[in-house]
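Fold and contact review
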Amino acid sequence: MKLLSAFASASVFFLLGTGAAHAQACKSPVPDSALVKKGTLVMSVNPTLPPMQFVDQTGALKGMRVELGEAIAKRLCLTPEYVRIEFSAMIPGLQAGRWDVINTGIFYTEERAKLMQMLIYEDQAISISTSRGNPLKIAKPEDLSGKSIGVEIGGFEERKARELDKQLTDKGLKGLTIRTFENFAMAFQSLRAGQVDVALSIDSTGAEYQKRGEFERVLHGLFPTPVALATKNRELADAMAKALNDMKADGSFQKLFDQYGVKAIDGAVAVKGPAG
């Protein structure tokens, strides 16, 4: 976990050799003008959400979204490269041209689709986790009244934590004490240390931590919302959508999702964002 928090102030790039070899063997449909770096698909990721994106014991970047990004890059004849960065820096970094794609499971909202091209590919929801054994006996959202909650700063999840707080106070109950952290790993560290009562994350991560026996997922399926990849360039977005739909057609897309027990969207992947 210390390794993950060290990336809050610096970007770490990973160049995948097998992707480079493939990129040299075929011609990309994506012009160099649509990319930050010639021949390369640069993607930002916040690797603090196992099993979707995380760093293993050897320091290697792993997870479903990492594999999905590699598969897209391969089909576009590009070399995949990852920048590890906190979520709060991702949208500004995309706008500034620091990377081509946000590949961290960004939740889709209409507001975000006005700022960037978004490709919805996954269905996710919110979970609440607490200490093993559920000592606070949390069984419904109302049981969160008066509790402290840890959440990553600046994202959809923080917004939903504040919605939960409002739902409680609107019912005349005591609200939440919301503590924000640079990433989800730090939020769960705080839960482990007893500094917060519960931690909020996506369903997949809450389920993974429960499977590991580290925490107990007491609520899940809250605020179901689609998850997307995001890019600034429409030409790149269209090429990525084609790659994803080709994966859907040949079965590799569903195979990857089944491997991780994640729900894929129904139907084709389409680009939603500003025209041009």
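Residues numbered from 1 in each chain as written. Predicted model: local features only at pLDDT ≥ 70, side-chain atom pairs only at ≥ 80, totals over all residues. Heavy atoms only, no water.

Brief notes about empty space enclosed by the protein
The criterion, for reference: Grid spacing is 1 Å over the protein atoms alone, the probe is 1.4 Å, and a cavity is where that probe fits but cannot get out, while a pocket is an open set with protein on both sides within 12 Å along at least five of seven lines and lining residues have an atom within 4 Å of a point. Grid points are joined across faces, edges and corners, and a volume is the space filled by probe spheres set on the points. Helix numbers and strand numbers start at the N terminus; a helix is a DSSP run of H or I with at least 4 residues, a strand a run of E with at least 2. For this classification, Asp, Glu, Lys and Arg are treated as charged, while Ala, Val, Leu, Ile, Met, Phe, Trp, Tyr, Cys and Pro are nonpolar and the rest, including Gly, are polar.
Under the criterion given, the structure shown has two cavities of 30 Å³ or more. Volume-wise, the largest cavity comes out at about 100 Å³. Surrounding the largest cavity, 15 residues form its lining, Phe-87, Thr-104, Gly-105, Glu-152 and Glu-157 being those nearest its centre. Of all elements in the fold, only β7 (101–107) and α6 (156–170) reach the threshold of two or more residues within the lining of the largest cavity. Ranked by the residues each element gives to the lining of the largest cavity, the list is headed by β7, at four residues. Across the lining of the largest cavity, the residue classes break down as seven nonpolar, four polar and four charged.

As for the pairing of strand β12 (residues 216–231)
Rules: Strands were regarded as paired on the criterion that DSSP finds at least two bridges between them.
Direction of pairing for β7 relative to β12: antiparallel, over a ladder of four bridges. Paired with Ile-106 across the bridge in β12 is Ala-228. As paired strands, strand β8 (residues 117–130) and β12 are joined by eleven bridges and run antiparallel to one another. Among the inter-strand pairings, Gln-117 is bridged to a residue of β12, identified as Thr-231.

Focus: the side chain of Ser-127
To be explicit about the condition: Here a polar contact is taken to be a pair of N or O atoms separated by no more than 3.5 Å, where protein atoms must pair a possible hydrogen donor with a possible acceptor and residues adjacent in sequence count only if both atoms sit in side chains.
Position of Ser-127 among the secondary structure elements: in strand β8. A polar atom in the side chain of Ser-127 sits 2.5 Å from the side chain of Asp-203. At a separation of 3.4 Å, a polar atom in the side chain of Ser-127 contacts the side chain of Arg-217.

Details of the pattern of salt bridges
Note on pairing: side chains with opposite charge can pair once their charged atoms come close. Just so we agree on the cut-off: Salt bridges are identified by distance alone: a Lys or Arg side-chain nitrogen within 4 Å of an Asp or Glu carboxyl oxygen. Partly exposed describes any residue whose relative accessible area lies between the buried limit of under 20% and the exposed limit of over 50%, with all areas from a 1.4 Å probe on protein chains only and scaled to the type maximum.
The tally for this structure, following the rule as stated, stands at 15 salt bridges. Between Arg-65 and Glu-122 there is a salt bridge whose closest N-O contact spans 2.8 Å. On the criterion of sequence distance, the pair formed by Arg-65 in helix α3 (residues 64–75) and Glu-122 in strand β8 is long-range, its members being 57 residues apart. Like Glu-122, Arg-65 is buried. The salt bridge involving Asp-143 is made with Lys-140; its shortest N-O contact spans 3.0 Å. With a relative accessible area of 17%, Asp-143 lands in the buried category. Lys-140 sits in the partly exposed class, given a relative accessible area of 42%.

Digging into the packing of α3 against helix α10 (residues 252–260)
For any two helices packed against each other, the geometry comes down to the angle between their axes and how far apart the axes lie. To be explicit about the condition: Here, axes are lines fitted to C-alpha atoms. For helices the fit covers the stretch in contact, and angles between N-to-C directions go from 0 to 180 degrees. Orientation labels follow simple angle bins: below 35 degrees gives roughly parallel, above 145 gives roughly antiparallel, 65 to 115 gives roughly perpendicular, and whatever is left gives oblique. Take the far helix as the reference: if the near one is turned anticlockwise from it by less than a right angle, the crossing is left-handed, and if turned clockwise, right-handed. Two residues form a contact once any of their heavy atoms are found within 4.5 Å.
As a packed pair, α3 and α10 sit with axes 10 Å apart at the nearest point and diverge in direction by 165 degrees. The pairing of α3 with α10 is recorded here as roughly antiparallel in orientation. Seen along the crossing, α3 lies across α10 with a hand that is right-handed. Together, Met-64, Glu-67, Leu-68 and Arg-75 of α3 and Ser-252, Phe-253, Leu-256, Phe-257, Gln-259 and Tyr-260 of α10 make up the contact between the two elements. Split into classes, the residues belonging to the contact of α3 with α10 amount to six nonpolar, two polar and two charged.

Let's talk about the sheet that holds strand β3 (residues 48–49)
Reading across the sheet, the three strands line up as β3-β4-β5 and stay open at both edges, with antiparallel pairing between neighbours. Of all the strands in the sheet, the pair left with one neighbour each is β3 and β5 (61–62). Here β3 pairs with strand β4 (residues 53–55) via two bridges, running antiparallel. Bridged to Leu-49 within β4 is Gln-53.

Points about the packing of aromatic side chains
The condition that has to hold: Side-chain rings of Phe, Tyr and Trp (the six-membered ring for Trp) are treated as a pair once their centres are within 6.5 Å; stacked means planes under 30 degrees apart, edge-to-face means over 60, and tilted covers the remaining angles. Cation placement over rings: the criterion is NZ of Lys or CZ of Arg within 6 Å of the ring centroid and within 35° of the ring normal.
Applying the stated criterion across every chain, the model contains six aromatic pairs. Measuring from centroid to centroid gives 4.1 Å for Phe-107 and Phe-156, while their planes differ by 20 degrees, and the two rings are stacked. Of this pair, Phe-107 sits in strand β7 while Phe-156 sits in helix α6, placing them 49 residues apart in sequence. Arranged with centres 4.4 Å apart and planes meeting at 40 degrees, the rings of Phe-188 and Tyr-209 form a pair that is tilted. With a gap of 21 residues between them, Phe-188 in helix α7 (residues 184–192) and Tyr-209 in helix α8 (residues 203–211) connect regions that are remote in the sequence. Considered together, Phe-188 and Tyr-209 belong to a single accessibility category, that of buried residues. Taken together, the ring pairs connect Tyr-121, Phe-253 and Phe-257 into an aromatic cluster. Over the ring of Tyr-108 we find Lys-272, and its NZ or CZ is 5.5 Å from the ring centre.

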